[in-house]
Amino acid sequence: MSSQQNTIEHLPTEHQVVNPEALPKPRGYAHGVRAGDTVHLGGQTALDINMNIVSGGIVEQFRQAFGNVLATLAEAGGEPRDLVSVTIYLTDVDDYMENGREIGKAWREMAGSDYPALAGIGVSRLWQKEALIEIQGVAVVPPSRA
């Protein structure tokens, strides 16, 4: 056996907070955080710039929430194809499934047909009582687009 000592070098990680002006000003959270090539996209509900949940049903709320995620990703230099993982929290899974074709169409219009690892999770409620959906994600953005 070798008596070689293992060492771990702790390098400082530079984090960049990402808060697009097109989204409501965050208080106590960040819309996104870039750490190296990885962008962590905070949960987005269907809030518009005036801090109101958009009216309509699950499809309209999906468009707004996913648009908020994509706006944060773009601010960090990313593109929809950079998404590696997306989690969707739903207050009514059946409603989401019944509108799946429409939501799929919206996804393709907004992000193309490249899909990341995806999870859908049913929850009892979200932060805003009117919210039907919340979307968060992780992306890997090449340094050339930092």
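Residues numbered from 1 in each chain as written. Predicted model: local features only at pLDDT ≥ 70, side-chain atom pairs only at ≥ 80, totals over all residues. Heavy atoms only, no water.

Draft legend 1. View of the environment of Q128. Take Q128: it is sitting in the loop between β5 (117-122) and β6 (133-140). Between the C-alpha atoms of Q128 and N52, which are 76 residues apart in sequence, the distance is 9.2 Å. In contact with Q128, other than residues within four places in its own chain, are T45, L47 and I53. In terms of polar contacts, Q128 uses its side chain to reach the side chain of T45, at 2.9 Å. (Helix = DSSP H or I, 4+ residues; strand = E, 2+ residues; numbered from the N terminus. Contact = heavy atoms within 4.5 Å. Polar contact = N/O pair within 3.5 Å; in protein donor to acceptor, adjacent residues only side chain to side chain.)

Draft legend 2. The sheet that holds strand β1 (residues 15-18), seen in detail. Here we have six strands laid out as an open sheet, ordered β1-β2-β3-β6-β4-β5, and mixed in their pairing. Of all strands in the sheet, those bounded by a partner on one side alone are β1 and β5. Averaged over neighbouring strand pairs, the angle between their axes works out to 15° when direction is ignored. Pairing geometry for β1 and strand β2 (residues 32-35), over four bridges, is antiparallel. Residue pairing in the sheet places V18 in a bridge with G32 of β2. Most of the contacts of helix α1 (residues 58-75) go to β6, to which it runs at about 30°, and overall it touches β1, β2, β3 (38-44), β4 (83-90) and β6. (Pairing = 2+ DSSP bridges. Axes fitted to C-alpha atoms, helices over the stretch in contact; angles between N-to-C directions.)

Draft legend 3. Representation of unusual backbone geometry. Located in the positive-phi region is M51, a residue other than glycine, with phi close to 65°. Exposure remark for M51: the relative accessible area of 46% places this residue in the partly exposed category. (Buried < 20%, exposed > 50% of the residue type's maximum accessible area, 1.4 Å probe, protein only.)

Draft legend 4. Inspection of the environment of L41 at higher detail. With respect to the helices, strands and loops of the structure, L41 is situated in strand β3. Filtering out sequence-adjacent residues up to four positions away, L41 remains in contact with H31, G32, V69, T72, L73, L83, Q136, G137, V138 and A139.

Any functional reading would require information beyond the geometric quantities listed.
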